[in-house]
Amino acid sequence: MQEFGENIQQAHDEKLGRHLVASISIEPGDTILEERPLLVAPHWECHQLKCAQCLQESYVICRRCQVFPLCMDCSQHDEFECEFFASGAGKALCKDILVKNFGICGLLKLLLLLENPNTQADCQMLIGVPINLGDYRDGEGMWQEHEELVVRPLMECGLVDCLPTQQLTSDILHAHCIRIDSNSFEVTAKDGDTLKGVFVWGATLPHHCVPNTVVALDEQFNMKLYAAVPLQPGDIIYNSYTNPLMGTSQRQHQLRLSRRLECTCTRCLDPTEMGTHMSSLKCKECGGFSVCEIDSNGKLGDWRCPDCKALLTAAEVHELQAEVGSALVDAMGDLQVYEALLTQYGPLLHPNHFMLLDIKQNIASILRAAALMTAMDQPCKKLLARRVELCSDLLPVCRAVVPGISKLYAIGLFEYLLALVELVELQFAESDLNKKEYVAHLKTASLVATEAMDLLRFEPENSAEGYLADRISMELERIESDLKKYGR
Ligand SMILES: [Zn+2]
Ligand SMILES: [Zn+2]
Ligand SMILES: [Zn+2]
Ligand SMILES: [Zn+2]
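Residues numbered from 1 in each chain as written. Chains lettered and ligands numbered in written order. Predicted model: local features only at pLDDT ≥ 70, side-chain atom pairs only at ≥ 80, totals over all residues. Heavy atoms only, no water.

Undergrad: An account of the overall build of the protein chain is requested, with residue identities and associated values reported.
TA: Within the protein chain, the regular secondary structure consists of 17 helices and 15 strands. Here the C-alpha radius of gyration of the protein chain, 26 Å, is about what a compact globule of 488 residues would show, namely 23 Å. Considering only C-alpha atoms, the protein chain reaches an extent of 75 × 55 × 50 Å along its principal axes. Total accessible area on the protein chain stands at roughly 23,400 Å², and carbon and sulfur atoms take up 52% of it. Taken together, the 43 basic and 68 acidic charged side chains of the protein chain have centroids lying 3 Å from each other. (Helix = DSSP H or I, 4+ residues; strand = E, 2+ residues; numbered from the N terminus. Rg over C-alpha atoms; globule rule 2.2 N^0.38 Å. Areas by Shrake-Rupley, 256 points an atom, 1.4 Å probe, with all protein chains shown as cover. Lys, Arg positive; Asp, Glu negative; His and termini not counted. Charge placed at Lys NZ, Arg CZ, Asp CG, Glu CD.)

Undergrad: Let's hear about the coordination of the zinc ion (ligand 3): which residues, and what values?
TA: Coordination sphere of the zinc ion (ligand 3), protein contribution only: Cys209 (SG), Cys263 (SG), Cys265 (SG) and Cys268 (SG), at 2.3 Å. Considering all four donor atoms around the zinc ion (ligand 3), angles at the metal cover 105 to 114° and the coordination shape is tetrahedral. For the zinc ion (ligand 3), all donor residues lie on one chain, and their spacing in sequence is C-x53-C-x1-C-x2-C. Placement of Cys209 in the loop between strand E9 (194-198) and strand E10 (213-217) and of Cys268 in helix H10 (residues 266-269) is noted, with a sequence separation of 59 residues between them. (Donors = N, O, S within 2.8 Å, 3.2 Å for Na, K, Ca; no water. Tetrahedral: all angles 85-135°; square planar, octahedral: opposite > 155°, others 65-115°.)

Undergrad: Explain the packing of helix H14 (residues 381-401) against helix H15 (residues 407-429) to me, using residue names and the numbers behind them.
TA: Contact geometry of H14 with H15 gives a least axis separation of 8 Å together with a crossing angle of 155°. Considered as vectors, H14 and H15 are oriented roughly antiparallel to each other. For the crossing formed where H14 meets H15, the hand is left-handed. (Axes fitted to C-alpha atoms, helices over the stretch in contact; angles between N-to-C directions. Parallel < 35°, antiparallel > 145°, perpendicular 65-115°, else oblique. Left-handed = near helix turned anticlockwise from the far one by under 90°.)

Undergrad: Describe empty space enclosed by the protein, with residues and values.
TA: Within this structure, the stated rule accounts for two cavities of 30 Å³ or more. Each pocket or cavity is described by its volume, and for the largest cavity that value is around 50 Å³. Residue lining of the largest cavity: Thr248, Ser249, Asp270, Pro271, Glu273, Ser279, Cys292, Ile294, Leu300 and Trp303, and that is the complete set. Those elements giving two or more residues to the lining of the largest cavity turn out to be helix H9 (248-259), strand E13 (289-294) and strand E14 (300-304). In terms of residue class, the lining of the largest cavity is built from five nonpolar, three polar and two charged. (1 Å grid on protein atoms, 1.4 Å probe; cavity = no way out; pocket = protein on both sides within 12 Å on 5 of 7 lines; lining within 4 Å. Points joined across faces, edges and corners; volume = space filled by probe spheres on them. Nonpolar A, V, L, I, M, F, W, Y, C, P; charged D, E, K, R; others polar.)

Undergrad: Pulling in residues and values, what's your account of the coordination of the zinc ion (ligand 4)?
TA: The textbook angles at a metal center are 109.5 degrees for a tetrahedron of four donors and 90 or 180 degrees for an octahedron of six. Taken together, Cys283 (SG), Cys286 (SG), Cys305 (SG) and Cys308 (SG) make up the full set of protein donors to the zinc ion (ligand 4), lying 2.3 Å away. Considering all four donor atoms around the zinc ion (ligand 4), angles at the metal cover 101 to 117° and the coordination shape is tetrahedral. Mapping the donors of the zinc ion (ligand 4) onto the primary sequence yields the spacing C-x2-C-x18-C-x2-C. You can see Cys283 sitting in the loop between strand E12 (281-282) and E13 and its partner Cys305 sitting in the loop between E14 and strand E15 (311-312), a full 22 residues away along the chain.

Undergrad: Break down the sheet that holds E9 for me, citing the residues and quoting the values.
TA: In space, the three strands of this open sheet follow the order E5-E9-E8, with antiparallel pairing throughout. Of all the strands in the sheet, the pair left with one neighbour each is strand E5 (39-41) and strand E8 (184-188). On average, each strand axis in the sheet is tilted by 35° relative to the strand beside it, whichever way the strands run. In this sheet, E9 lies alongside E5 in antiparallel orientation, the contact comprising three bridges. Within E9, the position partnered with Ala41 by the bridge is Lys196. (Pairing = 2+ DSSP bridges.)

Undergrad: Now, about the nonpolar core: what can you tell me, with residues and values included?
TA: Residues Phe85, Leu107 and Leu159 are the most contacted members of the largest nonpolar core, which totals 79 residues. Residue contributions to this core reach at least three from each of two domains, namely domain 1 (2-37 + 199-227) and domain 2 (39-195). Filtering out sequence-adjacent residues up to four positions away, Phe85 remains in contact with Cys65, Val67, Phe68, Gly90, Lys91, Leu93, Lys95, Ile97, Leu108, Leu112 and Leu159. (Core = buried A, V, L, I, M, F, W, Y, C linked by side-chain atoms within 4.5 Å. Buried < 20%, exposed > 50% of the residue type's maximum accessible area, 1.4 Å probe, protein only. Domains from an automatic or database assignment. Contact = heavy atoms within 4.5 Å.)

Undergrad: Before we move on, could you go through the pattern of salt bridges and cite the residues and values that matter?
TA: Applying the stated criterion across every chain yields a total of 23 salt bridges. With a closest N to O distance of 3.2 Å, Lys109 and Glu81 form a salt bridge. Here Lys109, found in helix H3 (residues 105-115), pairs with Glu81, found in helix H1 (residues 79-86); they are 28 residues apart in sequence, far enough to count as distant. On the basis of relative accessibility, which here comes to 9%, the residue Lys109 falls in the buried class. Two residues, Lys407 and Glu465, come together in a salt bridge whose shortest N-O distance is 3.6 Å. Placement of Lys407 in helix H15 and of Glu465 in helix H17 (residues 464-486) is noted, with a sequence separation of 58 residues between them. As far as the burial class goes, Lys407 and Glu465 line up, both buried. What emerges from the salt-bridge pattern is a single network uniting Arg64, Glu79 and Glu83. (Salt bridge = Lys/Arg side-chain N within 4 Å of Asp/Glu carboxyl O.)

Undergrad: Give a description of helix H11 (residues 314-331) that names residues and reports values.
TA: If you check H11, its first and last C-alpha atoms are 26 Å apart, about what 18 residues at 1.5 Å a residue would give, namely 26 Å. When we look at burial in H11, the residues that qualify are Ala314, Val317, Leu320, Gln321, Val324, Ala327, Leu328 and Ala331. Along the axis of H11, the buried residues cluster in a sector spanning 160°; they form a single face. Structural note: H11 exposes Ala315, Glu319, Val329 and Asp330 on the side pointing more than 90 degrees away from its buried face. Phi turns positive, to about 45°, at Met332, one or two residues after H11. (Expected span 1.5 Å × (residues − 1). Arc of directions from axis to C-beta.)

Shown next as structure tokens:
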């Protein structure tokens, strides 16, 4: 199922439970863990039938069992799954259980893995973890979603009676749904659709907002975990389950909802968020920056200016954040509105504040899409220059929040590279830049491309990041050939 490298070992303590630690010094890029998923399943709300074998879109049903979908490329799926409905205990069940309720697919696959004597043992680590259903029953949305899309249809289709040894009740099915969700990583099928891959070892990695590893997932749904930074013997292996471009209050909110976790990692306890000031506000009194006061349990308090000691209460800050948040929702992709928001809120916040970064990312992606659409027409130099500026603003933050080998920073560099090359090519073509200036920009672009490729060199070839590396390498070739043409 999973293969540990010799460089890690299992450990256990009260706070983290079962986890992994480095057993020797580990270099950045070294593989720590490789794991095949226990199962890959569509999201609960997925209605498009997916091939039981490769998870691509499917329009045919397996002729033998007449239950599981297949695609044009696959002629069979898991033998036990097929046999169960073709001639086993599930033979008498209505054949359209999946066609009618495709949401049950993931749980059905798990129940059959549990029924199959050859795979039962693989599931023990997943189902051995007790789930306190009381924590979930009244929770927002999730329980209801499981109930309607998965548990009720499964209880009603008669499958439960075909699996008597599992003694299935609706509570047990709910617990299985929660286990699938909480052990899932988003994986991408060959056709580009996202799915849930259940990785029991991968999911035991404790959370840190500054992870020391990178998770790579390829099109065959294999997981490879590698070190992002040098690790010393005894170092705990961490992953991050949140977006590093969120501020501390946002990350903590998300972690509370998704993992029932109160994070007290180094970033969460650092009011400057690793020097980025992603949650800092402009001090109204002295023009410095107010930072959040955080206690040792990671609880956020008021904001105070370290220079003049002026206070901004937590309530005032939350009100401002809620105001910007709802303005962002109302902006609905309108470029002018986003720019107006930057003008309005820029003077109140640190330039790296997470909400300003959010607005800037929105603008940059609109400009990128616009550049693609008008590629044939004359793109506006002013907008291209704006995109370069925004992409370059994001770079130092991306660099700071994910140290070492970072996909986030690599993607940031790629976005900056595309914007820069597009701009300087146009400026050169229109003689705004002379040859010497153009060459200087191309040299910068070449360095940016090389750095981005370097950060992606441990990614599998058949993954989204692998394809991105190919794309950057093509861009680099083009830059180098121009450099040859116009002289270095
Ligand atoms: Zn297939
Ligand atoms: Zn079949
Ligand atoms: Zn944290
Ligand atoms: Zn001040």
